[in-house]
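So you can see what is in the structure, the chains are spelled out below.
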Amino acid sequence: MATLKGIDISHHQNRINIAKLDVDFVISKATEGVGYTDDCCDKFYQAAKKAGKKLGVYHYARPDLGNSATAEADYFIKETKGYHKESVLVLDWEEGDLGNVAWAKAWLDRVYEKTGVKPMIYMSESPANSYDWSSVAKADYGIWVAKYGSNNGQAGNKPSAKNWSFIAMWQYTSKGSLSGYNGNLDLNIFYGDKTAWDKYAGGSPSTLTSSSSTEKSIDELAQEVIAGKYGNGDARKKALGDKYDKVQARVNEILGTTSSTSKQYYTVKSGDNLTKIAKQYGTTVNQLVAWNNIKNKNLIYAGQKLRVK
């Protein structure tokens, strides 16, 4: 799996010479709360851009000060206006009630609404697994997790985030060192190539499910396909990449299908609906309606035999 290496910095690294560093990306602190803009942000940003590094900016959330998510999001948007669509946008979530998922999602939604870019959210492994972030994960906001282990400058065991199918980025130490800078640095791994980074920056991280597919077995991916995770047709092919043929063959095997042209039938059970059945078999409600001459797509009954392929 392709990865990129990078740093995140703020005014604390004021004297850093980005051009001298062997990194692929630089994420700079932009704002905090409502009213604070890091005075080194643009200097870092322009230096990283000139050096050909991939770019990112983050907002340090302060819900503990009583600020609304909308107010903080609008401030961040205003102060980073010149960076949109070329940098990854990030919400830094580490102050106040870390279980206030609604506040964080409101900030993410506001930034997406105004910029067309889906931000990432940064947090440590503990809150990522202690609270229900499913609404954020399902909305396609990527996760950047901090997990330091012994914090000796080296990467230890990869973190987890229970509501996300894959981690976009890992901050593995706050005591890293790089040639060209005399001091500690936050070091990070991004799971993807430069094209993947550009998709996050440009606003289309939903096309990046293939990043996680390289870490899963064919059986795991097949079960996720059956559950409807990777969509249908071209969307599924794009998400699974070079594993598509093997995964699809396994899906067909699981579902008892021997070829892409053979018909397959399903007997409706109590509690079923066409949406659920369509997702299970990798098709659409409209296709089920057409195959089965269904007059009312909201009306099916237990025991009914439906063609699903």
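None of these values were measured; they are calculated from a predicted model. (Residues numbered from 1 in each chain as written. Predicted model: local features only at pLDDT ≥ 70, side-chain atom pairs only at ≥ 80, totals over all residues. Heavy atoms only, no water.)

1. Details of the nonpolar core
Let me state the cut-off plainly: Remark: nonpolar core denotes a set of buried residues (Ala, Val, Leu, Ile, Met, Phe, Trp, Tyr, Cys) joined through side-chain atoms within 4.5 Å. Each residue is assigned to one of three classes by its accessible area relative to the maximum for its type, calculated with a 1.4 Å probe on protein chains only: buried under 20%, partly exposed between the two thresholds, exposed over 50%. By definition, any uninterrupted DSSP run of H or I lasting at least four residues is a helix, any uninterrupted run of E lasting at least two residues is a strand, and each is numbered from the N terminus. Contacts are assigned to residue pairs that have any heavy atoms within 4.5 Å of one another.
Counting residues in each nonpolar core, the largest one holds 51 residues, and the members touching the most others are Ile7, Ile16, Trp93, Trp107, Ile121, Trp133 and Trp164. With 6 residues, the top contributor of residues to this core is helix 3 (residues 101-115). Discounting chain neighbours no more than four positions away, the residues touching Trp133 are Trp93, Leu98, Val101, Ala104, Ile121, Met123, Pro127, Ala128, Asn163 and Trp164. Membership of the second largest hydrophobic core comes to 22 residues, among which are Val225, Val247, Leu274 and Leu288.

2. As for the pairing of strand 6 (residues 120-124)
Note the cut-off: Here, any two strands with at least 2 DSSP bridges between them count as paired. Consider the strands pointing away from the viewer: the crossover is right-handed when the path from the first strand over the helix to the second runs clockwise.
Buried residues dominate strand 6, accounting for 4 of its 5 residues. Where strand 5 (residues 87-92) and strand 6 come together, 3 bridges link them in parallel fashion. Residue Val90 lies in a different strand from strand 6, and its bridge partner there is Met120. Each parallel crossover has a hand, and the one from strand 5 via helix 3 to strand 6 is right-handed. Of the pairings in the sheet, the one linking strand 6 to strand 7 (residues 143-146) comprises 4 bridges and is parallel in character. Bridge assignment links Met123 to a residue of strand 7, and that residue is Val145.

3. Topic: helix 8 (residues 218-226)
Every α-helix winds through 3.6 residues per turn, so residues three or four apart in the chain are directed the same way. Of all the residues in helix 8, the buried ones are Leu221, Ala222, Glu224, Val225 and Ile226. Gly228 occupies a position one or two residues after helix 8 and carries a positive phi of about 90°.

4. Brief notes about the pairing of strand 1 (residues 3-9)
In terms of burial, strand 1 is a largely internal element, 5 of the 7 residues being buried. Bridge count between strand 1 and strand 9 (residues 181-191): 6 bridges; the pairing is antiparallel. Within strand 9, the residue paired with Gly6 across the bridge is Asn188. Pairing geometry for strand 1 and strand 2 (residues 25-32), over 4 bridges, is parallel. When the bridges of strand 2 are listed, Ile9 appears paired with Ser28.

5. A closer look at the side chain of Asp272
How we decide: The term polar contact refers here to a pair of N or O atoms within 3.5 Å; inside protein, the definition further demands a hydrogen-donor-capable atom paired with an acceptor-capable atom, and it admits residues adjacent in sequence only when both atoms are side-chain atoms.
Mapped onto the fold, Asp272 is located in the loop between strand 10 (265-267) and helix 11 (274-280). Take Asp272: its relative accessible area is 13%, and that puts it in the buried class. One polar contact links Asp272 to Tyr266, side chain to side chain, over a distance of 2.6 Å. A polar atom in the side chain of Asp272 sits 2.8 Å from the backbone nitrogen of Lys269.

6. Here we look at the environment of Asp193
Here Asp193 shows up in the loop between strand 9 and helix 6 (194-202). Aside from chain neighbours lying at most four places away, what touches Asp193 is Ala2 and Leu4. Polar side-chain contacts of Asp193 include one of 3.2 Å to the backbone nitrogen of Thr195.

7. Here's the deal with the packing of helix 8 against helix 10 (residues 244-254)
Quick reminder of the rule: Axis definition: a line fitted to C-alpha atoms, limited for helices to the stretch in contact. Angles are taken between N-to-C directions and run from 0 to 180 degrees. Angle categories are assigned with fixed cut-offs, so that under 35 degrees is roughly parallel, over 145 is roughly antiparallel, 65 to 115 is roughly perpendicular, and the rest are oblique. What makes a crossing left-handed is the near helix being turned counterclockwise from the far one by less than a right angle; a clockwise turn instead makes it right-handed. Any residue that is not Ala, Val, Leu, Ile, Met, Phe, Trp, Tyr, Cys, Pro, Asp, Glu, Lys or Arg is counted as polar, Gly included; the first ten are nonpolar and the last four charged.
One way to put it is that helix 8 packs onto helix 10 with a least axis distance of 8 Å and a crossing angle of 65°. Taken together, the axes of helix 8 and helix 10 are roughly perpendicular relative to one another. The two elements helix 8 and helix 10 cross, and the hand of that crossing is right-handed. Across the interface between the two elements, Ile218, Asp219, Leu221, Ala222, Gln223, Val225 and Ile226 of helix 8 pack against Lys246, Val247, Arg250, Val251 and Ile254 of helix 10. Here the residues of the contact of helix 8 with helix 10 are counted per class, giving 8 nonpolar, 1 polar and 3 charged.

8. Observations concerning the state of the cysteines
To keep things clear, this is the line we draw: For this text, the term disulfide refers to a pair of cysteine sulfurs within 2.5 Å.
Scanning all chains against the criterion turns up 0 disulfides. Left unpaired, Cys41 is separated from the closest cysteine sulfur, that of Cys40, by 9.0 Å.

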